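Reading the structure
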Amino acid sequence: MTVSIYHNPACGTSRNVLGLIRDAGEEPRIIEYLKNPPTRDELAALIARMGIPVRDVLRRKGTPYDELGLDDPELTDSQLLDAMMAHPILINRPIVVTDRGVKLCRPSEAVLDILPPPQRGAFAKEDGEAVIDALGNRIGRPTP
């Protein structure tokens, strides 16, 4: 399987997703999007493949979202994409691309929907929350 992650190493959720990908036995292509942001066309294509509105990919916390007035419902998708291109920190993360789909992985265990089961072993988030049991099964959700 080919896996890519648009990653911010300073983000705990992004680090947890990277850990879950590796726990599945995959070594992803890591794209530190703040250093190497996607092109406008690449970002638009990722959002289209996720099947979510452009606005859902905007990050508010720790960004110039409020200063730029991005909560204005009159702003078009094109204007929102322009803002993300000018300020890549506005792109919410992590976005993961696999052969099984593209997903904004918040919460981090959302990545499990596009990775092949089972995981290789137990996994807990950085905050200690167990996500995968010792048999590699997702906790709190039936295995497929």
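Let us look at the structure shown here. (Residues numbered from 1 in each chain as written. Predicted model: local features only at pLDDT ≥ 70, side-chain atom pairs only at ≥ 80, totals over all residues. Heavy atoms only, no water.)

A look at the pattern of salt bridges
We apply this condition: Any Lys or Arg side-chain nitrogen found within 4 Å of a carboxyl oxygen on Asp or Glu counts as a salt bridge. Each helix corresponds to a stretch of at least 4 residues labelled H or I by DSSP, and each strand to a stretch of at least 2 residues labelled E; elements are numbered beginning at the N terminus.
Enumeration according to the criterion identifies nine salt bridges in this entry. Close ionic contact of R15 with E126 constitutes a salt bridge, the shortest N to O distance being 2.6 Å. Separated by 111 residues along the polypeptide, R15 in helix α1 (residues 12-23) and E126 in the loop between β5 (123-124) and β6 (130-132) bring together distant segments of the chain. Among the salt bridges present, the one from E27 reaches R22, with a minimum N-O distance of 2.9 Å.

Some points on unusual backbone geometry
Backbone torsion omega between R93 and P94 reads 0 degrees, so that peptide bond is classified as cis. Structurally, P94 can be placed in the loop between α3 (77-86) and β3 (95-98). Look at the link from R106 to P107: it is a cis peptide, with omega at 5 degrees. Relative to the helices and strands, P107 resides in the loop between β4 (101-104) and β5.

Honestly, it's all geometry; don't read function into it.
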